[in-house]
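What follows is each chain in one-letter form.
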Amino acid sequence: MELADRAVGLLLSVISLSIFTYYTFWVIILPFVDGDHFVHKYFLPQEYAILIPVYAGVALICFLSVFIGYVMLKSKKKKS
Amino acid sequence: MKHIVKIMALLVVMSALWVSLLQTSKIPESYTLLLPLYFIVSLGCYGLLMVGVGLMQFPTCLHEAVLFATVCALLVLEDIVEAKEYLKQNGVDVGSNS
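Residues numbered from 1 in each chain as written. Chains lettered and ligands numbered in written order. Predicted model: local features only at pLDDT ≥ 70, side-chain atom pairs only at ≥ 80, totals over all residues.

Looking at an unreviewed UniProt entry, chain B carries the name Dolichol-phosphate mannosyltransferase subunit 3, with the source organism given as Sesamum angolense. Listed under Sequence similarities (unreviewed entry) in UniProt, the entry text for chain B is "Belongs to the DPM3 family." Here is the UniProt Function (unreviewed entry) comment for chain B, exactly as written: "Stabilizer subunit of the dolichol-phosphate mannose (DPM) synthase complex; tethers catalytic subunit to the ER." (UniProt positions renumbered as here; feature names shortened; annotations may be inferred.)

Under the annotation held in an unreviewed UniProt entry, chain A carries the name Dolichol phosphate-mannose biosynthesis regulatory protein and is attributed to Sesamum angolense. You can read under Subcellular location (unreviewed entry) in the UniProt record for chain A the words "Endoplasmic reticulum membrane".

K.L.:
I'd like a description of the overall build of chain A, backed by residues and values.
P.N.:
In terms of helices and strands, chain A carries two helices and zero strands. Considering chain A as a whole, with its 80 residues, one finds that 6% of them fall into the buried category. (Helix = DSSP H or I, 4+ residues; strand = E, 2+ residues; numbered from the N terminus. Buried ≥ 20, exposed ≤ 12 C-beta atoms within 10 Å, placed from the backbone.)

K.L.:
How would you sum up the UniProt feature "transmembrane region" (unreviewed entry) in chain B? Please name residues and give values.
P.N.:
Using the residue numbers shown here, the UniProt feature "transmembrane region" (unreviewed entry) corresponds to residues 34-55 of chain B. Between the C-alpha atoms that bound residues 34-55 of chain B there is a distance of 31 Å. The span itself is 95% helix and 0% strand.

K.L.:
Residues and numbers for the interface of chain A and chain B, please.
P.N.:
How large an interface is tends to be reported as the accessible area lost when its parts come together. Counting residues at the interface gives 21 residues for chain A, matched by 20 residues for chain B. Of all the elements in the fold, those that place two or more residues in the side of chain A that touches chain B are helix H1 (2-29) and helix H2 (47-79) of chain A. At 16 residues, the largest contribution of residues to the side of chain A that touches chain B is made by H1 of chain A. (Contact = placed C-beta atoms within 7 Å.)

K.L.:
Describe the UniProt feature "signal peptide" (unreviewed entry) in chain B, naming the residues involved and giving the relevant values.
P.N.:
Here, UniProt's "signal peptide" (unreviewed entry) annotation points to residues 1-24 of chain B. Between the first and last C-alpha atoms of residues 1-24 of chain B the distance is 35 Å; the span itself is 96% helix and 0% strand.

See below:
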């Protein structure tokens, strides 16, 4: 159990660090690179830098709301 | 109270920097508009990283827990034997298994 927790923690850290690195490259460094540089092949167009986080945030909020509603419904049923 | 003042000051400084960057338009505006979103994304990444690090370094004392459970089980067994003896002396039938 302990090892699984540690693996999950390591996975979360790696995911967050890789997302941070990629997004930093995408948003901060790419504007200063020429438009015809080969690096641009590895990144989506600029609109997606807005669209993907917004979609992810909306999905996260929806999931959280559904989860909270589910938990509240369950706790109310247990009480009665 | 002090912490929130610090955070607010940081936010004000960052927004001032952002507005000045928007006004001077040294880099294309479409990139400057992305900076607050970048800030939010990095904040989310920081939160995820802290959760991961906390999960990795979560202090568990497995050895002590096993020891504690063993001692508790021994104590409970002792109590059970003692109670059975007492009840038997007083003429209560508690069964003779174990």
